[in-house]
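The lines below spell out each chain.
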Amino acid sequence: MAEAEARAPVPVHSSSSGSAEEIQVVEFLLEEDQFAINLFDVREIVEYTRITPLPGSARYIKGIIDLRGEITTIIDLKEKMGISAHKKNQEQSRIIVIDSSVTKGKTGILVDDVTTVMSVTTSHIDQKTCDKDDTSYILGIIKQKQGDRESEKTDLIIWLDIPRMLRDLGQ
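Computed from a prediction, not measured in an experiment: that's the story for all the values here.

This paragraph deals with the sheet that holds strand β1 (residues 22-30). Within the open sheet, the 6 strands sit side by side as β8-β1-β2-β11-β10-β9. Their pairing is mixed. Whereas interior strands pair on both sides, the edge strands pair on one side only; in this sheet they are β8 (113-121) and β9 (125-126). Two strands pair when backbone bridges link them, and β9 and strand β10 (residues 138-146) are joined in this way by 2 bridges, in the antiparallel orientation. Within β10, the residue paired with I125 across the bridge is I142.

In this structure, F28, I37, L77, I96 and I109 are the most contacted members of the largest nonpolar core, which totals 22 residues. Elements with a minimum of two residues in this core: β1, β2 (33-38), β6 (94-98), β7 (107-111) and α3 (162-168). Residues I23, A36, M118 and I142 belong to the second largest nonpolar core, which totals 10 residues.

Now for the packing of aromatic side chains. Within this structure, the stated rule accounts for 1 aromatic pair. Where F28 meets F35, the ring centres are 6.0 Å apart and the plane angle is 20°; that geometry is what we call stacked. Pair check on accessibility: F28 and F35 agree, each one buried. Positioned over the ring face of Y60 is K80, at 5.8 Å from the centre of the ring.

About the thresholds
- Residues numbered from 1 in each chain as written.
- Predicted model: local features only at pLDDT ≥ 70, side-chain atom pairs only at ≥ 80, totals over all residues.
- Heavy atoms only, no water.
- Pairing = 2+ DSSP bridges.
- Helix = DSSP H or I, 4+ residues; strand = E, 2+ residues; numbered from the N terminus.
- Core = buried A, V, L, I, M, F, W, Y, C linked by side-chain atoms within 4.5 Å.
- Buried < 20%, exposed > 50% of the residue type's maximum accessible area, 1.4 Å probe, protein only.
- Phe/Tyr/Trp six-rings, centres within 6.5 Å; stacked < 30°, edge-to-face > 60°.
- Lys NZ or Arg CZ within 6 Å of the ring centre and 35° of its normal.

Encoded structure:
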């Protein structure tokens, strides 16, 4: 499969006209910012557990955990993305364990909270504003409307290419 095909959104279903594809994503928080990754890249979501640091590892490697008998490397997504950490209560964080089809070994990403799993119509994803260079891990910006007509606002959710990020990290 070609590199570009591997990074394409995974269609869930189309409307009768065939024009409105949907993808399923897991939405999560890093500080106050909203991010999402493809649902099919996720194996499971687990509560925070004590992470054993790995001396001499990269700053974004938070450490390792024993997840049901399997050593799992935990990546601090805020550290990797350069997001300053203000949240003090790590016990309320979550670990998104990435599916083995995406990684070389057992890998999880540390996030502040997982908010929802949702289907998004591709027409609500802006892919034009994203850099198309080799250093960007952003697939698009999901525009999600909240509220009623009188108090409607649009949340912007950054859709990340987690398989590419982990591949570039050697995971």
